[in-house]
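Residue-level listing of the chains:
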Amino acid sequence: MTTIPTVAFDDQKPGTSGLRKKTRVFMQPHYLENFVQAIFTAIGGARGKTFVLGGDGRYFNDRAVQVILRMAAANGASRVIVGQGGILSTPAASNLIRQRKTDGGIILSASHNPGGEDEDFGIKFNMPNGGPAPESITDAMYREASAIVSYEILEAQDVDLNALGETSLDGMAVEVVDSVADYAALMETLFDFDAIRAMFAGGFRMRFDAMCAVTGPYATEIIENRLGAAAGTVTHGTPMPDFGGMHPDPNPTWAHELMDEMMGPDAPDFGAASDGDGDRNMVVGRGIYVSPSDSLAVLAANAHLAKGYAKGIAGVARSMPTSAAVDRVAKDLGIEAFETPTGWKFFGNLLDAGRVTLCGEESFGTGSDHVREKDGLWAVLLWLNILAVRKQSVADILNEHWQKYGRNYYSRHDFEAVDKEKADEMVAALRGALADLPGRTMQGMAVAAADDFSYTDPVDGSTSAKQGIRVLFEDGSRIVMRLSGTGTQGATLRLYLERYAESGFDRDPQDALAPVIQAAHELADIAGHTGRTEPDVIT
Ligand code: G16
């Protein structure tokens, strides 16, 4: 055991989902160690505790896992349960934390951000409920990391993480478990595998793009081996430290190979993609893209068709920038609907309290109370279960949904790597103008209300302010603007655009939203502040 003197770094403030930085930042001496020690201190020490540990396999995952094991041992932890090879998808880690009733877990991932020595790395702590640490804990981590003077570490050889079973690291048990088995078993309890298997046996074709990231082995085991989909259904199924150079963000821009196939002449019936750590999903039907907000609404309306949700759902929650499509379903079902700030951590209390069963975000995240993270493969399996029961195409299901509820046209425009100061100035200027907006008309739409979203957690009463600027129009259209909390370079401006329609459901969302887009640019003067006229990514 050694106590290593160290000096605090001034940038270890966790963002929307843990600490994310360039990999080389994490690789500098003491950087990872300081933050891991701050985690242990912020949760009241590691002595006698049991943790889950794993990551999405990106570059530096293997080294970081060994460092964390040595630090856990030196800090007195009694057991660490590690995914084989140091690999666990984020939802699988959440599941293990819950099933094994541990004191939490450390997950190594920068999610949808690219991996590699010159790309991104990340680390986050999940609580004993399996969910990301709330702001009170991440604030404490930041305080500890900013004042740290030393950390505890053991001098030892690397632990062999390839062989399943238990070894000891200076008295601390290191238990290496199959990364997929427990997660796959959980999925079998929620969905009707027989019905899905019968659908595949009847010729149903699917493509799942794992984007060379962590879901490859999970999707291959579940979709091909257990559900009988044709070999080759899962593409890019071998995880790689640099994700094969892919940007593992499942959206139409980055999963373009899948999009091209699904929009092509011989498209499969169903397509899906997942991200770096397996918590995000994109769903596509033959010739039709399903926006994440619509996907959440369709899943909420049809969840009862899967055995895990046969009794119905208690309530739904969505992040504020997510479209209101799911609210309409909740109203119809007579259940509660909650609007939370961006970040999966805000769903935890509602899920724990049994107030909601399904949650989702426009950022390609959907999940339920089966774990406390969003879950990409879970969403894909729920869709498959619904398709197997309804025996309709994705396009038909979506069209019927819009006929019943109307369509919330929706899009997000991202302006990436914007100069941070200029982005802050733009947001400040807009914030200052909010009070004068109501009553003003833009692009023929009258502003009904404008504010900076503030959230009070209905369960513990904690508040989170400044969670995104909203401009609501009288016709139900909406503009939301906020700066991303997961980027690692400059600022990423996110512009969320929404317009509700009671008819005319086959328009291109960008056309349907044109006046809202125009109004947003006028309002914020994006070009004037940032020099940008066109977004880098449209989802
Ligand atoms: C994380 C959070 C999500 C959030 C997303 C985007 O996802 O868990 O709740 O919606 O980031 O956040 P931002 O808009 O601040 O960049 P992930 O998949 O990156 O862990």
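Position labels on residues start from 1 in each chain and follow its written sequence. Local features are withheld for residues below a pLDDT of 70 in this predicted model, meaning they are given only at 70 or higher, and side-chain atom pairs are given and counted only at 80 or more; totals for whole chains, interfaces and linings count all residues. Water and hydrogen atoms play no part in the side-chain values, which are based on all heavy atoms of the structure.

Visitor: Which parts of the structure should I look at to understand the domain arrangement of the protein?
Guide: Interface size is commonly expressed as the accessible area that is lost once the parts come together. These domain limits were set by an automatic method or by a database of domain assignments. For the protein, the assigned domains read domain 1 (2-179), domain 2 (182-405) and domain 3 (407-538). Taking the mean C-alpha position of each, domain 2 and domain 3 sit 26 Å from one another. What gets called buried area is simply the loss in accessible area from a 1.4 Å probe that two parts show on being joined, summed for both. Summed over both sides, the interface between domain 2 and domain 3 buries roughly 2200 Å², with carbon and sulfur atoms accounting for 55% of that surface. Salt bridge, as used here, is a side-chain nitrogen of Lys or Arg placed within 4 Å of a carboxyl oxygen of Asp or Glu. Summed over the shared surface of domain 2 and domain 3, the number is three salt bridges. In this structure, arginine 412 and glutamate 362 form a salt bridge, with 2.9 Å as the shortest nitrogen-oxygen distance. The term polar contact refers here to a pair of N or O atoms within 3.5 Å; inside protein, the definition further demands a hydrogen-donor-capable atom paired with an acceptor-capable atom, and it admits residues adjacent in sequence only when both atoms are side-chain atoms. Where domain 2 packs against domain 3, one counts eleven residue pairs in polar contact (both at pLDDT 80 or more). Labels follow the DSSP assignment, with helices taken as runs of H or I lasting at least four residues and strands as runs of E lasting at least two, numbered in each case from the N terminus. Looking at the side of domain 2 that touches domain 3, the elements with two or more residues in it are α10 (292-302), α11 (325-333), β16 (336-340), α12 (348-352) and α14 (394-405). Looking at the side of domain 2 that touches domain 3 residue by residue, the classes come out as twelve nonpolar, ten polar and six charged. Residues are grouped as follows: Ala, Val, Leu, Ile, Met, Phe, Trp, Tyr, Cys and Pro are nonpolar; Asp, Glu, Lys and Arg are charged; all remaining types, including Gly, are polar.

Visitor: Looking at this model, I keep getting lost on the pattern of salt bridges. Mind explaining?
Guide: Side chains that differ in charge, positive against negative, can pair when their charged atoms come close. Counted by the stated rule, this structure contains 36 salt bridges. Its salt-bridge partner being aspartate 118, residue arginine 24 comes within 2.7 Å of it at the nearest N-O pair. With arginine 24 in helix α1 (residues 23-27) and aspartate 118 in the loop between β5 (105-108) and β6 (120-126), this pair connects stretches of sequence that are 94 residues apart. Residue classification places arginine 24 among the partly exposed residues on the basis of a relative accessible area of 45%. Each of Arg318, Asp327, Glu339, Asp451, Arg470, Arg478 and Glu498 takes part in a single network of salt bridges with overlapping partners. With a 1.4 Å probe rolled over the protein chains alone, any residue whose accessible area is under 20% of its type maximum counts as buried; one over 50% counts as exposed, and the rest are partly exposed.

Visitor: Sorry, what's going on with the side chain of aspartate 120 here?
Guide: If you trace the backbone, aspartate 120 turns up in strand β6. Residue aspartate 120 is classed as buried on the basis of its relative accessible area of 4%. Any two residues whose heavy atoms approach within 4.5 Å at even a single point are treated as in contact. Ignoring sequence-local partners within four residues, the contact set of aspartate 120 consists of Lys21, Lys22, Thr23, Arg58, Ala110, Asn113, Pro114, Gly115 and Thr488.

Visitor: Help me understand α11, please; the structure alone is not making it clear to me.
Guide: An α-helix turns once per 3.6 residues; consequently, residues spaced three or four apart project the same way. Of all the residues in α11, the buried ones are Ala325, Val326, Val329 and Ala330. Seen along its axis, α11 keeps its buried residues to an arc of 140°; they face one direction. The inward-facing, buried residues of α11 abut α10, β15 (315-319), β16, α14 and β19 (407-418). Trailing α11 by a residue or two, glycine 334 shows a phi angle of about 70°, which is positive. This arc corresponds to the set of directions leading from the helix axis out to the C-beta atoms.

Visitor: Explain the environment of glycine 171 to me, please; I cannot follow it from the model alone.
Guide: Relative to the elements of secondary structure, glycine 171 occurs in the loop between β8 (165-169) and β9 (172-177). When the C-alpha atoms of glycine 171 and alanine 74 are compared, they prove to be 9.8 Å apart, with 97 residues separating the residues in sequence.

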